[in-house]
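Take a look at the letters that make up each chain.
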Amino acid sequence: MKRSCHDEYSLKHMSSFMGSRRQRKMDDGERSLIGPPASGGDASMWFVYVLAAFSALGGLLFGYDTGVVSGAMLLLKKEMNLSALWQELLVSSTVGAAAISALIGGFLNGWLGRRICILVSSFIFSIGGVILSVAPDKVVLLVGRITVGLGIGIASMTVPVYIAEVSPPHLRGQLVTINCLFITGGQFIASVVDGAFSYLSHDGWRYMLGLSVLPAFLQFVGFIFLPESPRWLLQNGRSQEAYQVLGRIRGRQNVEEEYDAIRANIEEEEKEAGSGGLVILRILSHGPTRRALIVGCGLQMFQQLSGINTVMYYSATILQMAGVRDDKQAIWLAAATSASNFVFTLVGVWLVERVGRRRLTLGSLLGTGLSLALLAVGFLLTALNSPPITFHPVHSQNSTCTQYRSCEPCMLNPDCGFCYRENGTQVFDSSCIPVNQASTDHAAWGRCSNQTGVPSGPMWAYNYCPTSYSWIVLVGLIFYLAFFAPGMGPMPWTVNSEIYPLWARSTGNACSAGVNWIFNVLVSLTFLHVAQFLTYYGAFFLYTGLVFLGLLFVLGCLPETQGLQLEDIESLFAGQLCSCGGSSSSGNRHVHYIRVKGSNLTSDSDSSEVE
Ligand SMILES: O[C@H]1[C@H](O)[C@@H](O)[C@H](O)[C@@H](O)[C@H]1O
């Protein structure tokens, strides 16, 4: 029989209610877990912050190594004479390797533990950094890029899990979100390093790529002394060690209640989900974990489908369209873009424990969708007002470029660029010319093949058309980052670190991180083709549509996990996937609906027992 969404809602909350009854029984002794500790205070929390900061160096490396390559490539392609294929290989090999190692990381995490995995990833990062900085040729460079990719994949799935497992519930969202702050911080540092070393045309790339060794080494040394996750220790039968580590992290001797709660849950979970067979098969055959996996992977997929990496990558061009003609200036302005991504992620760290994961994600998706629509409208107006081509030069090298009639199709063809003169905002004397294969800064021949940008001289536009509507695109870019970075940037990582029971946590996170990396490769590899096929505004309207699909998905499927014990979150997924958004909690008050003979009774977790 088909149940209505509201029936599901009632049942689901009934089960969630049962979960929190178990929790309430322990509540008095567990105050320190739910809210700030009664005695010992937040002063004892310093160790959790140290743990979070050292683990989040993994996020910093993830951001740095994915961000630094664009600047390094500008120098590398000249010095090593790289073809387009090799450039593509050096950029996407890292992301591809990250996808594979994130998936393998799930198994390693369960087997070796979080701490060893973090040590392994920082070791791999260090080796990769050394290989990159001494690489004599492009093949060794490729080996180095694949090596750092392997490190990124493991770090991206292990670090959020580790932070979530050592944090007390009231700080968990904030601390996991700090990992994302480190990712965007790494991207920002990379763009500054790119800017600084871009003046060093010989070997500048060695410093850009090699600098990541420093944080990797720091993390490696730090983690030699830092403890394993107490939850993993308990799950693996090392109970005494788990108890000691928990005491050390919480800064007090008496952690009996929390310890017992974790142990009881592990035992309960094992009874519920069985303990034999492949974990992924157990996840898929057990309703709550299957639904959690769908939510986790869906969030990561929609994060990438909202086009963050395209927008970041494309920001330099957007800025050029908006009137920044100088290359060096464009590099620094691209640094301003990643700085905004970083600063707005900081807003997310501040908001996550105030408004909750669900509301933050929904608000962020709505704003991101509207900003994408604004970007698309900007590109549409640009296309509609694309300057005509007035001049068709004849050259011995026959080319399709010279046959275009307006700038729009010319700039959509990666082999061509737009050469023109400007009088105020008026474009004249314009032509479409093949691009110089060695450097997209010049045309292959003709008046734009030499130094351009001289006042009153010919101008060269590659990848964009001069337009007076560029300000709309610029405003769209700023709004996009302001909305994406606090919510859709960090929340998929934060939510994934919380929604799986312990036995399924490493595999669940491995799958969702793998989905993130796979869609990252897909979106970045297809962007130029999509833009060629649908034009830029078409591509951005497509992303807008995908973001609104994401909004519906989150609206229907993402429950609020704020303030709950990791062990109690599973019950949020006890009902059908369609939650109608009913499970959001506001503040520390959790509302539960129980259907009694057709009517809804409301109870909250502060009230006494309701049978
Ligand atoms: O959460 C991160 C962050 O938003 C980064 O800026 C982006 O490059 C990554 O792909 C994403 O996973």
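Refer to the preceding data block for the structure.
Model, not experiment: these values are computed from the prediction. Throughout this document, residue positions are counted from 1 along each chain, in the order its sequence is written. Totals for whole chains, interfaces and linings use every residue, but because this is a predicted model, local features are given only for residues with pLDDT of at least 70 and side-chain atom pairs only at 80 or more, for both listing and counting. Note that water and hydrogens are dropped before the side-chain values are worked out from all heavy atoms of the structure.

Asker: Sorry if this is basic, but what is going on with the overall build of the protein here?
Answerer: A run of H or I in DSSP becomes a helix once it reaches four residues, and a run of E becomes a strand once it reaches two; helices and strands are each numbered from the N terminus. For the protein, the helix and strand inventory stands at 22 helices and five strands. We call a residue buried when its accessible area falls under 20% of the maximum for its residue type, exposed when it is over 50%, and partly exposed in between, using a 1.4 Å probe and counting protein chains only. For the protein, buried positions account for 58% of its 611 residues. Only the protein chains shown count as cover for residues, with accessible areas throughout obtained via the Shrake-Rupley method and a probe of 1.4 Å. In the form shown here, the protein has an accessible surface area of approximately 24,700 Å², with 64% of it arising from carbon and sulfur atoms.

Asker: What should I look at first to understand the site of the ligand in this one?
Answerer: The near set for a molecule or strand comprises every residue that places at least one heavy atom within 4 Å of it. In the vicinity of the ligand, the contacting residues are C180, T184, Q187, Q303, Q304, N309, N341, F484, G489, W493, N516 and N520. Whenever a nitrogen or oxygen atom comes within 3.5 Å of another N or O atom, the pair is scored as a polar contact, on the condition that within protein one atom can donate a hydrogen and the other can accept it, and that pairs from neighbouring residues in sequence are kept only if both atoms are in side chains. A distance of 2.6 Å is found between an oxygen atom of the ligand and a side-chain nitrogen or oxygen belonging to N309. A distance of 3.1 Å separates an oxygen atom of the ligand from a polar side-chain atom of W493. When the ligand is considered free in solution it has 300 Å² of accessible area, and contact with the protein chains removes 98% of it. Elements represented by at least two residues in the shell around the ligand include exactly α8 (169–197), α15 (287–305) and α22 (502–557).

Asker: So what exactly am I meant to see when it comes to the sheet that holds strand β2 (residues 426–434) here?
Answerer: Any two strands are treated as partners once DSSP identifies two or more bridges connecting them. Taken in spatial order, the three strands of this open sheet run β2-β1-β3, and their pairing is antiparallel. Of all strands in the sheet, those with a lone pairing partner are β2 and β3 (459–461), marking the two edges. This sheet shows a mean twist of 30° between the axes of neighbouring strands, independent of strand direction. The pairing of strand β1 (residues 416–423) with β3 spans three bridges and is classified as antiparallel. Paired with F418 across the bridge in β3 is A461. Convention adopted: a line fitted to C-alpha atoms gives each axis, helices being fitted over their contacting stretch, and angles between N-to-C directions are expressed from 0 to 180 degrees.

Asker: Explanation requested: the packing of aromatic side chains in the structure shown.
Answerer: Two numbers describe a pair of aromatic rings. These are the distance of the centres and the angle of the planes. Note on ring pairs: Phe, Tyr and Trp rings are taken, using the six-membered ring of Trp, and paired if centres are within 6.5 Å. Classes follow the plane angle, with under 30 degrees stacked, over 60 edge-to-face and the rest tilted. Tallied over the entire structure, the rule returns 19 aromatic pairs. A centroid spacing of 6.1 Å and a plane angle of 70° characterise the contact between F527 and F540, whose relative ring orientation is edge-to-face. As far as the burial class goes, F527 and F540 line up, both buried. A ring pair is formed by F540 and Y543, whose centres lie 5.7 Å apart and whose planes are at 85°; its orientation type is edge-to-face. You can see F540 and its partner Y543 sitting in helix α22, three residues apart, about one turn around the helix. Of the two residues examined, F540 and Y543, each falls in the buried class. Among the aromatic residues, ring-to-ring pairing joins F379, F527, Y536, F540 and Y543 into one connected group.

Asker: What should I look at first to understand the side chain of E408 in this one?
Answerer: Structurally, E408 is set in helix α19 (residues 407–412). Taking relative accessible area as the criterion, E408 reaches 10% and is therefore assigned buried. Throughout, a residue-residue contact means that at least one pair of heavy atoms, one from each residue, lies within 4.5 Å. Non-local contacts of E408, meaning those with residues more than four positions away in its chain, are made with A383, S386, C465 and T535.

Asker: Even after reading the chapter, I still don't get the pairing of β2, so can you show me in this structure?
Answerer: Taken residue by residue, a regular strand's side chains alternate between the two faces of the sheet. Bridge count for β1 against β2 is seven bridges, and the pairing is antiparallel. Bridging from a neighbouring strand, E422 pairs with V427 of β2. Counted along the chain from β1 to the antiparallel partner β2, the turn is two residues long, and its residue G424 has a positive phi close to 65°.

Asker: Would you take a moment to explain the nonpolar core for this structure?
Answerer: In plain words, nonpolar cores are sets of buried Ala, Val, Leu, Ile, Met, Phe, Trp, Tyr and Cys residues tied together by side-chain atoms within 4.5 Å. Of all hydrophobic cores here, the largest spans 68 residues; its most connected members are L76, L141, W205, L209 and W517. When residues in this core are grouped by element, the largest group, 11 residues, is from helix α7 (residues 138–166). As used throughout, domain bounds are those supplied by an automatic or database domain assignment. Shared between two domains, this core takes at least three residues from each, and those domains are domain 1 (42–226) and domain 2 (286–386 + 467–562). Ignoring anything within four residues of it in the chain, the contact list for L76 reads N81, L82, L141, W205 and L209.

Asker: So what exactly am I meant to see when it comes to the state of the cysteines here?
Answerer: Disulfides are covalent bonds that link the sulfur atoms of two cysteine residues. Disulfides are defined as cysteine sulfur pairs within 2.5 Å. Summed over the entire model, instances satisfying the criterion amount to four disulfides. A sulfur-sulfur separation of 2.0 Å characterises the disulfide bridge that pairs C407 with C465. On the sign convention where negative is left-handed, the bridge of C407 and C465, at about -100° about the S-S bond, is left-handed. Of this pair, C407 sits in helix α19 while C465 sits in the loop between β3 and α20 (470–484), and the two are 58 residues apart along the sequence. As far as burial versus exposure is concerned, C407 and C465 are alike and both buried. Covalently, C419 is tied to C448 through a disulfide, its sulfur atoms 2.0 Å apart. Between C419 and C448, the disulfide has an S-S torsion of 80° and is therefore right-handed. Of this pair, C419 sits in strand β1 while C448 sits in the loop between β2 and β3, placing them 29 residues apart in sequence. The cysteine C297 is free of any disulfide, with C511 supplying the nearest cysteine sulfur at 5.8 Å. A relative accessible area of 16% places C297 in the buried class. Overall, the relative accessible area of 17% leaves C511 in the buried class.

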